[in-house]
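Residue-level listing of the chains:
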Amino acid sequence: MIRISIVLLLLALPHLANAQRGSTSPYSATGLGERNFNGTQATRHMGGLDVYTDSIHANLNNPASYGFLKVTTYSVGVHYKNTNLASSTESQNRDNASLDYLAISIPAGKFGFGFGIIPHTSVGYQIEGQSPNASGINTLNRYEGEGGINQTYFSVGIPLSSFLAIGASAQYNFGNLFYRTGQYAEGVDNGTFLTNESSVSGLNYQFSIQSNIPIKKKYLLQGMVSFQPEAKLNSINDRIFYTQSISTQTIVDFQEINLTSQGLKETDLEASAVTKFGVGFGENKKWFLGYQRNLIKSANFSNDFFNRSNVAYKDAKQWSIGGFYIPNYTSFTSYWSRVVYRFGFRSEQMSIIMNNTPLTETGISFGLGLPLGSISNANIGFEISKRGEKNSNLIQETFVAMRIGLSLNDKWFIKRKYN
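Residues numbered from 1 in each chain as written. Predicted model: local features only at pLDDT ≥ 70, side-chain atom pairs only at ≥ 80, totals over all residues. Heavy atoms only, no water.

Q: So, the side chain of Ser-298: which residues are in play, and what are the values?
A: Checked against the element boundaries, Ser-298 lands in the loop between strand S13 (287-297) and strand S14 (311-313). Other than its neighbours up to four places away in sequence, Ser-298 contacts Glu-270, Ser-272, Tyr-313, Lys-314, Asp-315, Ala-316 and Ser-351. (Helix = DSSP H or I, 4+ residues; strand = E, 2+ residues; numbered from the N terminus. Contact = heavy atoms within 4.5 Å.)

Q: Account for the packing of aromatic side chains, naming residues and giving values.
A: Summed over the entire model, instances satisfying the criterion amount to 16 aromatic pairs. With centroids separated by 4.0 Å and ring planes inclined at 10 degrees, the aromatic side chains of Tyr-179 and Phe-306 adopt a geometry described as stacked. Of the two residues, Tyr-179 sits in strand S6 (residues 164-185) while Phe-306 sits in the loop between S13 and S14, which places them 127 residues apart along the sequence. Judged by its relative accessible area of 3%, Tyr-179 falls in the buried class. Residues Tyr-219 and Phe-281 carry aromatic rings whose centres are separated by 5.6 Å and whose planes lie at 15 degrees to one another, so their mutual orientation is stacked. Of this pair, Tyr-219 sits in strand S8 (residues 219-228) while Phe-281 sits in strand S12 (residues 273-283), and the two are 62 residues apart along the sequence. Judged by its relative accessible area of 25%, Tyr-219 falls in the partly exposed class. With relative accessibility at 30%, the residue Phe-281 sits in the partly exposed group. Grouping aromatic residues by their ring pairs yields a cluster made of Tyr-52, Phe-288 and Phe-324. (Phe/Tyr/Trp six-rings, centres within 6.5 Å; stacked < 30°, edge-to-face > 60°. Buried < 20%, exposed > 50% of the residue type's maximum accessible area, 1.4 Å probe, protein only.)

Q: Got a sec to walk through the pairing of strand S18 (residues 376-388)? Specific residues and values, please.
A: Pairing analysis gives 12 bridges linking strand S17 (residues 357-372) to S18, with the strands arranged antiparallel. Following the sheet pairing, Leu-372 is matched in S18 by Ser-376. Hairpin connection from S17 to S18: three residues lie between these consecutive antiparallel strands, with Gly-373 at a positive phi of about 70 degrees. Pairing between S18 and strand S19 (residues 396-410): 12 bridges, direction antiparallel. Within S19, the residue paired with Phe-382 across the bridge is Met-402. (Pairing = 2+ DSSP bridges.)

Q: I'd like to hear about empty space enclosed by the protein, residue by residue, with values.
A: Following the criterion strictly, the structure yields two cavities of 30 Å³ or more and no others. Estimates place the volume of the largest cavity at around 70 Å³. Mapped onto the lining of the largest cavity, the elements with two or more residues apiece are helix H2 (41-44) and S19. Partitioned by chemical class, the residues of the lining of the largest cavity number four nonpolar, six polar and no charged. Roughly 30 Å³ of internal volume is contained in the second largest cavity. (1 Å grid on protein atoms, 1.4 Å probe; cavity = no way out; pocket = protein on both sides within 12 Å on 5 of 7 lines; lining within 4 Å. Points joined across faces, edges and corners; volume = space filled by probe spheres on them. Nonpolar A, V, L, I, M, F, W, Y, C, P; charged D, E, K, R; others polar.)

Q: Any chance you could break down the environment of Asn-294 for me, citing the residues and the numbers?
A: Along the chain, Asn-294 falls in strand S13. Measuring from C-alpha to C-alpha, the distance between Asn-294 and Ala-316 comes to 8.3 Å, with 22 residues separating the pair along the chain. Other than its neighbours up to four places away in sequence, Asn-294 contacts Thr-275, Lys-276, Ala-316, Lys-317 and Gln-318. There is a polar contact of 3.0 Å between the side chain of Asn-294 and the side chain of Gln-292. (Polar contact = N/O pair within 3.5 Å; in protein donor to acceptor, adjacent residues only side chain to side chain.)

Q: Hey, could you go over the environment of Gly-187 for me, with residue numbers and the actual values?
A: Position of Gly-187 among the secondary structure elements: in the loop between S6 and strand S7 (190-215). Remark: the alpha-carbon pair of Gly-187 and Asn-138, spanning 49 residues in sequence, is separated by 9.0 Å.

Q: Which residues make up the nonpolar core, and what values do they have?
A: Leu-32, Ile-149, Leu-177, Tyr-179, Val-200, Leu-233 and Leu-269 are the most contacted members of the largest nonpolar core, which totals 17 residues. Those elements that provide at least two residues to this core are strand S4 (112-132), S6, strand S9 (231-245) and strand S11 (266-271). In this view, Leu-233 contacts Leu-32, Ile-149, Asn-173, Val-200, Ser-201, Gly-202, Leu-203, Thr-267, Asp-268, Leu-269 and Ala-271; residues no more than four positions away in its chain are not counted. Leu-49, Phe-288, Ile-326 and Val-340 belong to the second largest nonpolar core, which has nine residues in total. (Core = buried A, V, L, I, M, F, W, Y, C linked by side-chain atoms within 4.5 Å.)

Q: Go over the pairing of S13, please, and point to the residues and values.
A: Only one face of S13 is covered, namely the face carrying Phe-288, Gly-290, Gln-292, Asn-294 and Ile-296; the face carrying Trp-287, Leu-289, Tyr-291, Arg-293, Leu-295 and Lys-297 is uncovered. Taken together, the 11 bridges between S12 and S13 define a ladder with antiparallel strand orientation. The partner of Lys-276 across the bridge, within S13, is Asn-294. Relative to strand S15 (residues 316-325), S13 runs antiparallel, the two sharing 10 bridges. Following the sheet pairing, Asn-294 is matched in S15 by Gln-318.

Q: Could you give an account of the side chain of Ser-235, with specific residues and numbers?
A: For Ser-235, the location among the structural elements is in strand S9. Only 3.5 Å separates the side chain of Ser-235 from the side chain of Ser-198, close enough to count as a polar contact. A distance of 2.6 Å separates a polar atom in the side chain of Ser-235 from a polar atom in the side chain of Asn-237. Among residues more than four places away in sequence, those in contact with Ser-235 are Ser-198, Ser-199, Val-200, Lys-265, Glu-266, Thr-267 and Leu-269.

Rendered as structure tokens:
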């Protein structure tokens, strides 16, 4: 029954992913939207380490890890986030909750594979401001956006030996990016609006290699290299200008802009190349400490259809450190001794340069891996992070997020010895 329920939910998820709002950040108006972390909650609680793998957890960001998987794993993750947005003069709080991933990972003898869906990027913001026009009349300007890009993926990992595996993942991207600018003049019932909408789709790929080297049977040295080549995503665009009554919400005038004559009806967007390096060391089923470095080649990103004059891009750099500790994995008398205590820290030089100011983000995380039955578990944790700054007419964002993930395990493809 659990297998049927998970598969049916996976088939329905594209509609759920399109319906949710995964961001409240004004910075989501840049690039393809705010980039979500695409791994599991257990990985996120360790600062985003993709280098750690074991036999009972899916590692969605590292396809080579499927080569070490020993049990079928159903993975689902959600989060709730409170964001404080602060400028040099005011601040406000916003909340949002969304699904982070739904995945199935299956060992199949000589290889392992997995598939699922992930909200890859999110757009969600609304900014308002007043200013006098040339006639001295106050006008209200509103900027808003919503949407995002989802990824469905299929990954395969092949063990080359007991301590080395390679893997590859194919990812299909799809979604809509919607942006609207509105202007109201004081004392005038009609407001003017300009909408830009893009339907985005396309494939990209990821390749990785993972090593798990035992040392004196007690310790384990892990290493990972991953590469995602640059890919082109197809964007079908529409632009509409209209006038709307404020009091009745009736559209008074409507005009669809001819983008074909401008060469903007169909454009290409770049999915940036990503290279990851990770290394970690630990004692089996006791503790682990790892470090990871991610390089994102985003300096060449451009959007000919929806260009912002105050935004430029550069290559992004991320690093993270994290790990876990288990007091006593085999304890029969103390539940909390079998709990996995995770922790992490991450820092990022973001790809965005806004108002000539490069943006950075830092965060800390911690979580608990709570055993459920024999090998299933629930992963519950919190993350606190900060992005941007209050100077240069920018916004400083402070996030407090609660992240919950379930890893429900089963055994498939096991030959029975007795009927």
